[in-house]
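Structural characterization, general
As a plain string of letters, each chain reads:
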There are 2 protein chains.
Amino acid sequence: MQELPPSYYAVIFISKRTIGDNGYEKMALTMEELAQKEEGFLGIESARDSQLGITVSYWATLEDIKRWKDHTAHKVAQEKGKSEWYEHYQVRICKVEGSYSFER
Amino acid sequence: MQELPPSYYAVIFISKRTIGDNGYEKMALTMEELAQKEEGFLGIESARDSQLGITVSYWATLEDIKRWKDHTAHKVAQEKGKSEWYEHYQVRICKVEGSYSFER
């Protein structure tokens, strides 16, 4: 995501997956597409290796985060996450207070 | 990292590497070991795939983050990062305002 002036919000989602895909990749893509249409959505960045996945999504306000958390289709995905896809996860809701970047 | 009561700080470091190791892995390990000895260090979590690397480190205060940024050995690593290891990176300094987790 591009540099934006603070302050906006970041949701850090750190997860360990269960074994196998079990429909995860398709649902993850659908959720990302849906999130992008939500009010206040600013961007998303993800990385996953064999140990851990980290997804950071960025939002204008806490209300936008709450609305996305309560989105009906997202709630269905959250339930599948608990029943099938994740061994564990942690969510941290953060206010971005400063940023800087480097470009070669 | 375990659940901690807010508020503490998260530094989200998102990077795209240049091609090849060029001494990166060794330095990254050394930096992680050094950071763990710093005052206010609370934890670190990383994931990297072919597209992107995301490292989130957690700190008690903004002063702790500043002190680690200015640490002599870390400054040497930062310079190598710009000259050799990274195509680009973004750093976001965030205050953690809330968190929750799931464990299977």
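Everything discussed here concerns the structure shown above.
Residues numbered from 1 in each chain as written. Chains lettered and ligands numbered in written order. Predicted model: local features only at pLDDT ≥ 70, side-chain atom pairs only at ≥ 80, totals over all residues. Heavy atoms only, no water.

Turning to the overall build of chain A, a few remarks are in order. Looking only at helices and strands, chain A features 3 helices and 4 strands. Put simply, chain A runs from its N terminus to its C terminus through helices and strands in the order β-α-β-β-α-α-β. Relative to the globule expectation of 13 Å for 104 residues, the C-alpha radius of gyration of chain A, 14 Å, shows essentially globular dimensions. Its C-alpha atoms put chain A at 40 × 35 × 20 Å along the principal axes. Counting only residues that meet the buried cut, chain A has 41% of its 104 residues in that class. In chain A, the proportion of contacts linking residues at least 24 apart, taken out of those at least 6 apart, comes to 75%. Total accessible area on chain A is roughly 5,600 Å²; 54% of this is exposed by carbon and sulfur atoms. Averaging the locations of the 14 positively and 17 negatively charged side chains of chain A gives two centres separated by 5 Å. (Helix = DSSP H or I, 4+ residues; strand = E, 2+ residues; numbered from the N terminus. Rg over C-alpha atoms; globule rule 2.2 N^0.38 Å. Buried < 20%, exposed > 50% of the residue type's maximum accessible area, 1.4 Å probe, protein only. Contact = heavy atoms within 4.5 Å. Areas by Shrake-Rupley, 256 points an atom, 1.4 Å probe, with all protein chains shown as cover. Lys, Arg positive; Asp, Glu negative; His and termini not counted. Charge placed at Lys NZ, Arg CZ, Asp CG, Glu CD.)

If you look at the interface, chain B gives 45 residues, while chain A gives 45 residues. Around 3,700 Å² of area is buried between chain B and chain A when both sides are counted, 53% of it from carbon and sulfur atoms. On the chain B side of the interface with chain A, the three residues burying the most area are Y100(B), F102(B) and R104(B), jointly 20% of the side's total. For the salt bridge of R92(B) with E45(A), the shortest nitrogen-to-oxygen distance reads 3.6 Å. Viewed at the interface, chain A and chain B are joined by 24 residue pairs in polar contact (both at pLDDT 80 or more). With 18 residues, the top contributor of residues to the side of chain B that touches chain A is strand β4 (residues 86–103) of chain B. (Buried area = accessible area lost by both parts, 1.4 Å probe. Salt bridge = Lys/Arg side-chain N within 4 Å of Asp/Glu carboxyl O. Polar contact = N/O pair within 3.5 Å; in protein donor to acceptor, adjacent residues only side chain to side chain.)

Counting residues in hydrophobic clusters, the biggest one holds 22 residues, and the most contacted among them are I12(A), I54(A), V56(A), I12(B) and I54(B). Elements supplying a minimum of two residues to this core: β1 (9–17), β3 (53–59) and β4 (86–103) of chain A together with β1 (9–17), β3 (53–59) and β4 of chain B. In this structure, I12(B) is in contact with A10(A), I12(A), V56(A), Y58(A), I54(B), T55(B), Q90(B), V91(B), R92(B) and C94(B), ignoring residues within four places of it in sequence. Grouped together as the second largest cluster of nonpolar side chains are 18 residues, Y9(A), M31(A), W68(A) and W85(A) included. (Core = buried A, V, L, I, M, F, W, Y, C linked by side-chain atoms within 4.5 Å.)

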